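Structure assessment
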2 protein chains.
Amino acid sequence: MVKVVIIGAGLMGTATSYPLSDNGHSVHLVGTHLDGEIIKSCKEKQFHPRLKRNLPVGVRPYYIEEIGDAIEGADVILSGVNSLGVHWIGRTIKPYVRPGQMIIAITKGLETDAEGNWRILPDVLAGELDEAIRPQLKFAAVGGPCIAGELAGRRHSCVVFGSRDFSAVEQLASIFSTPYYHIWKTSDLVGLEFGAAFKNAYTLAIGIAYGMLEKAGGVDEAGANFHNLAAGVFAQSCVEMSRLLQIAGSDQSFAYKLPGAGDLYVTAVGGRTVRLGKLLGAGKTFKEARQIMAGETLESAEIISMMGTALPRLEREGLVQPNELPILRTLVDVIVYNKPAQFPIDQFFGGKAVL
Amino acid sequence: MVKVVIIGAGLMGTATSYPLSDNGHSVHLVGTHLDGEIIKSCKEKQFHPRLKRNLPVGVRPYYIEEIGDAIEGADVILSGVNSLGVHWIGRTIKPYVRPGQMIIAITKGLETDAEGNWRILPDVLAGELDEAIRPQLKFAAVGGPCIAGELAGRRHSCVVFGSRDFSAVEQLASIFSTPYYHIWKTSDLVGLEFGAAFKNAYTLAIGIAYGMLEKAGGVDEAGANFHNLAAGVFAQSCVEMSRLLQIAGSDQSFAYKLPGAGDLYVTAVGGRTVRLGKLLGAGKTFKEARQIMAGETLESAEIISMMGTALPRLEREGLVQPNELPILRTLVDVIVYNKPAQFPIDQFFGGKAVL
């Protein structure tokens, strides 16, 4: 039995407490300053209002102001915030981290500096901690297709744990694995994290395809949807993820395994990212769509914006040719330059019409 | 303008007449002996009752008894029958084929002989024709994600045309291409055909995952579906398709392009194959499910049965290890040996839990 502190009481952070509780670990769930209502409900009724479930046995909820008590003696710190909270969580746990602890992040995203260099989020988080302690901590991350509500419902879920330190992955996998939470392991942390981030971006493209259906008048009198277009976008997205993983020096096969195709599938059929895509595909500009969705975290847009900053650098370094990545370019045009969504379909798959 | 004869007036055969008509070609649509009612409606009202659409301008419907008139002077013969009709169509067109004609098939399937050797369907069809004329014909096939009703609705569709003779692919692509029917080309006919067949088999696995949801009591009180399991099955299916394409000496990347992941996606979200899978996943044996679906063509089951015959040969030849292809083995157990459906999830992705 180990002690795990989850910081961030949103859907996915909280969902990870179910396998942990089932394995008999001690779990402290700390809400961020945005999770006050959630923690209140958890404290009063052991009920999570967004997951719509009771907290599992033995999980103790804490307000952010109580983090000092909550984090005391933790073996594992799980970062359950979204990509906008990564710097915050690093600064927040900074006073409390101790040598030997493992820090595992479920956040999907990436960050780009002014020169267009990409950083994975575990490195961003680590960057907020004291330099002296960093080598004494083990950083890891979770990727792969996992809808939080299903994990919390103890549905079979296949995920990937990654760390540059493979022994940390092995330890963490043995802590989290249950008969329904199936964990594969990798030391290609960069590939895992980029795969997860890219997937979020490309899911928006699938949403855009279905938004275009609406623009075309919806399902027609004979029932025709836009699944064919979505499938073409899906396949080209896998190709682009594979190419981007190659550029990052990572395992290209992730593009059609859990972090790529698997996660793209689950987010397309069961995720929330498609909603923004549908608005864009239906003809709204990103500015308009953002107003409609005010208050919601648009992680895919954040990621696309970061990738848009990286693209000129990749071209400058000769890593990407101008005819490559047509879907990514469409996404950048839509999100960064506020252009209407339009896919250059005939540029998919190399653009020369030879598959 | 060329003359194209489509044989088989089902959904997909008829759907291909829309781009052909839009390109100004002369199209004769010949129903099989099972399509009598369809052709009657087409002749009387130019309306296709299953597609629920009017035939496009200039498409002339024919009963199978009129095939002699219909096929006279054809430049292209399109085989629009399902996999069970491939021998039949070969024998049917045998008296009429002429040197220089192109024969293109939309059928998805494969055939295995008693020794477990696989043959692609264009070769099965060719085998029914006189040996002397075969070298004077050009055989091709269509793969990739394409729901017929969407193609007939002139929705964007991304497909792949393949032939061992690349010049035939180029000719055919120029005949069929429209601004909505996007065609990529390959000379890897075997990879294209196997990809399409495998995809049909693996779609059944996705259906099974959703059937297991029903067995588990359906969506739970907090809304949890089985998308996570389906996504794991999706990703492992891509891995197995890639492996099988490698064994066939074909382009493995098809597994995450249009013939693999793209087609798997579209069949999972918009196709009809999942219905059988849902029955199996919910606990019916194949025998029971077949009775429930009496009268429907169960192409995926046919393909799995063929693959089941090939599997011992592949193992004997050392091409497949016993721990490989866990989903295919599950499918063979269910379809050939009538066993209950159960996924050995922890054997996915190499089974060693290292992705």
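What counts, and where the lines are drawn
- Residues numbered from 1 in each chain as written.
- Chains lettered and ligands numbered in written order.
- Predicted model: local features only at pLDDT ≥ 70, side-chain atom pairs only at ≥ 80, totals over all residues.
- Heavy atoms only, no water.
- Helix = DSSP H or I, 4+ residues; strand = E, 2+ residues; numbered from the N terminus.
- Buried < 20%, exposed > 50% of the residue type's maximum accessible area, 1.4 Å probe, protein only.
- Areas by Shrake-Rupley, 256 points an atom, 1.4 Å probe, with all protein chains shown as cover.
- Axes fitted to C-alpha atoms, helices over the stretch in contact; angles between N-to-C directions.
- Parallel < 35°, antiparallel > 145°, perpendicular 65-115°, else oblique.
- Contact = heavy atoms within 4.5 Å.
- Nonpolar A, V, L, I, M, F, W, Y, C, P; charged D, E, K, R; others polar.
- Pairing = 2+ DSSP bridges.
- Least-squares fit on C-alpha atoms with pLDDT ≥ 70 in both.
- Phe/Tyr/Trp six-rings, centres within 6.5 Å; stacked < 30°, edge-to-face > 60°.
- Lys NZ or Arg CZ within 6 Å of the ring centre and 35° of its normal.
- Domains from an automatic or database assignment.
- Buried area = accessible area lost by both parts, 1.4 Å probe.
- Salt bridge = Lys/Arg side-chain N within 4 Å of Asp/Glu carboxyl O.
- Polar contact = N/O pair within 3.5 Å; in protein donor to acceptor, adjacent residues only side chain to side chain.
- Expected span 1.5 Å × (residues − 1).

1. Focus on the overall build of chain A
- Across its full length, chain A carries 15 helices and 12 strands.
- Along the first, second and third principal axes, the C-alpha set of chain A runs to 60 × 45 × 35 Å.
- Split into buried and exposed, the 355 residues of chain A put 63% on the buried side.
- Carbon together with sulfur atoms contributes 49% to the accessible area of chain A, which is approximately 13,000 Å² in total.

2. Overview of the packing of helix H9 (residues 189–215) of chain A against helix H15 (residues 326–335) of chain A
All names here are of chain A.
- Packing of H9 against H15 brings their axes to within 10 Å, and their N-to-C directions diverge by 80°. On the basis of the axis angle, H9 is roughly perpendicular to H15. Taken together, the residues of H15 that come into contact with H9 (itself represented by Ala201, Tyr202, Leu204, Ala205 and Ile208) are Ile327, Leu328, Leu331 and Ile335.
- Residue composition of the contact of H9 with H15, grouped by class: 9 nonpolar, no polar and no charged.

3. Some details on the pairing of strand S10 (residues 138–143) of chain B
Residues and elements named next belong to chain B.
- Of all 6 residues in S10, 5 are buried, a share of seventy percent or more.
- The pairing of strand S7 (residues 102–105) with S10 spans 4 bridges and is parallel. Within the sheet, the bridge partner assigned to Ile103 lies in S10 and is Phe139.
- Note: S10 against strand S11 (residues 157–162), 3 bridges, orientation antiparallel. Following the sheet pairing, Gly143 is matched in S11 by Val160.

4. Description of the relation of the copies chain B and chain A
- Overlaying chain B with chain A gives an RMSD of 0.0 Å, the required rotation being 180° about an axis along which the chain moves by 0.0 Å. Here the transformation between the copies is reduced to the relation of a two-fold axis. Distance from the rotation axis, computed per C-alpha, reaches its smallest value in chain B at Tyr256(B): 2.9 Å.
- The residues that chain B uses at the interface reappear at the interface of chain A in 100% of cases, marking a shared surface.

5. Describing the packing of aromatic side chains
- The final tally for this structure, using the stated rule, is 20 aromatic pairs over all chains.
- Consider the rings of Phe348(B) and Phe349(B), whose centres lie 6.2 Å apart with planes at 85°: the pair is edge-to-face. Each member of the pair, Phe348(B) together with Phe349(B), is buried.
- By the ring-pair criterion, three or more aromatic residues cluster together here, those being Trp184(A), Phe343(B), Phe348(B) and Phe349(B).
- Across the ring face of Trp118(B), the terminal group of Arg313(B) is positioned such that the distance to the ring centre comes to 5.8 Å.

6. Quick look at the domain arrangement of chain A
All names here are of chain A.
- Domain annotation of chain A identifies domain 1 (3–187) and domain 2 (191–350).
- Relative placement of domain 1 and domain 2: their C-alpha centres are 27 Å apart.
- In this complex, domain 1 contributes 33 residues to the contact, which on the side of domain 2 involves 28 residues.
- The junction of domain 1 with domain 2 conceals about 2,400 Å² of combined surface from both sides, 70% of it contributed by carbon and sulfur atoms.
- When the buried surface of domain 1 facing domain 2 is broken down by residue, Lys108, Leu110 and Trp118 rank first, second and third, together holding 30% of it.
- Lys108 is paired through a salt bridge with Asp263; the nearest N and O atoms lie 2.7 Å apart.
- Applying the counting criterion to the domain 1 and domain 2 interface returns 5 residue pairs in polar contact (both at pLDDT 80 or more).

7. A few points about unusual backbone geometry
- Even without a glycine there, the phi angle at Phe349(A) is positive, about 55°.
- Structurally, Phe349(A) is set in the segment after H15.
- Overall, Phe349(A) belongs to the buried group, its relative accessible area being 6%.
- Positive phi values are uncommon outside glycine, yet Arg154(B) reaches one of about 55°.
- On the secondary structure map, Arg154(B) appears in the loop between helix H7 (148–152) and S11.
- We classify Arg154(B) as partly exposed; its relative accessible area is 38%.

8. Some thoughts on the interface of chain B and chain A
- The interface is formed by 62 residues belonging to chain B together with 62 residues belonging to chain A.
- Approximately 5,100 Å² of surface area, both sides summed, lies buried where chain B meets chain A, with 65% of it carried by carbon and sulfur atoms.
- Where chain B touches chain A, the interface holds 4 salt bridges.
- For the salt bridge of Arg53(A) with Asp220(B), the shortest nitrogen-to-oxygen distance reads 2.7 Å.
- On the surface where chain B and chain A come into contact, there are 26 residue pairs in polar contact (both at pLDDT 80 or more).
- Going through the elements one at a time, H7, S11, strand S12 (181–186), helix H9 (189–215), helix H10 (227–247) and helix H11 (258–270) of chain B are the ones with two or more residues in the side of chain B that touches chain A.
- No other element matches H10(B), which puts 11 residues into the side of chain B that touches chain A.

9. Details of the sheet that holds strand S5 (residues 59–62) of chain A
All names here are of chain A.
- Taken in spatial order, the 8 strands of this open sheet run S5-S2-S1-S6-S7-S10-S11-S12, and their pairing is mixed. A single partner strand is all that each edge strand has here, and the edge strands are S5 and strand S12 (181–186). Adjacent strand axes in the sheet meet at a mean angle of 25°, parallel and antiparallel pairs treated alike.
- On the sheet, H9 packs against strand S10 (138–143), strand S11 (157–162) and S12 and is oriented at approximately 40° with respect to S10.

10. Remarks on helix H10 (residues 227–247) of chain A
Residues and elements named next belong to chain A.
- The terminal C-alpha atoms of H10, which comprises 21 residues, lie 30 Å apart, in line with the 30 Å expected from a rise of 1.5 Å per residue.
- For H10, the tally of buried residues reaches 19 of 21 residues, placing the bulk of the element in the interior.
- Positive phi appears at Gly249, one or two residues downstream of H10, with a value of about 75°.

11. Overview of the sheet that holds strand S2 (residues 26–30) of chain B
Residues and elements named next belong to chain B.
- Taken in spatial order, the 8 strands of this open sheet run S5-S2-S1-S6-S7-S10-S11-S12, and their pairing is mixed. The sheet terminates laterally at strand S5 (59–62) and S12, the two strands that pair on one side only. With direction set aside, neighbouring strand axes in the sheet form an average angle of 25°.
- Taken together, the 5 bridges between strand S1 (residues 3–7) and S2 define a ladder with parallel strand orientation.

12. Quick word on the environment of Ile175(B)
Residue and element names in this part refer to chain B.
- Among the secondary structure elements, Ile175 is positioned in helix H8 (residues 166–176).
- A sequence separation of 25 residues divides Ile175 from Asn200, and the C-alpha atoms of the two residues are 27 Å apart.
- If sequence neighbours within four positions are ignored, Ile175 has contacts with Val2, Leu20, Asn23, His25, Val76 and Met102.

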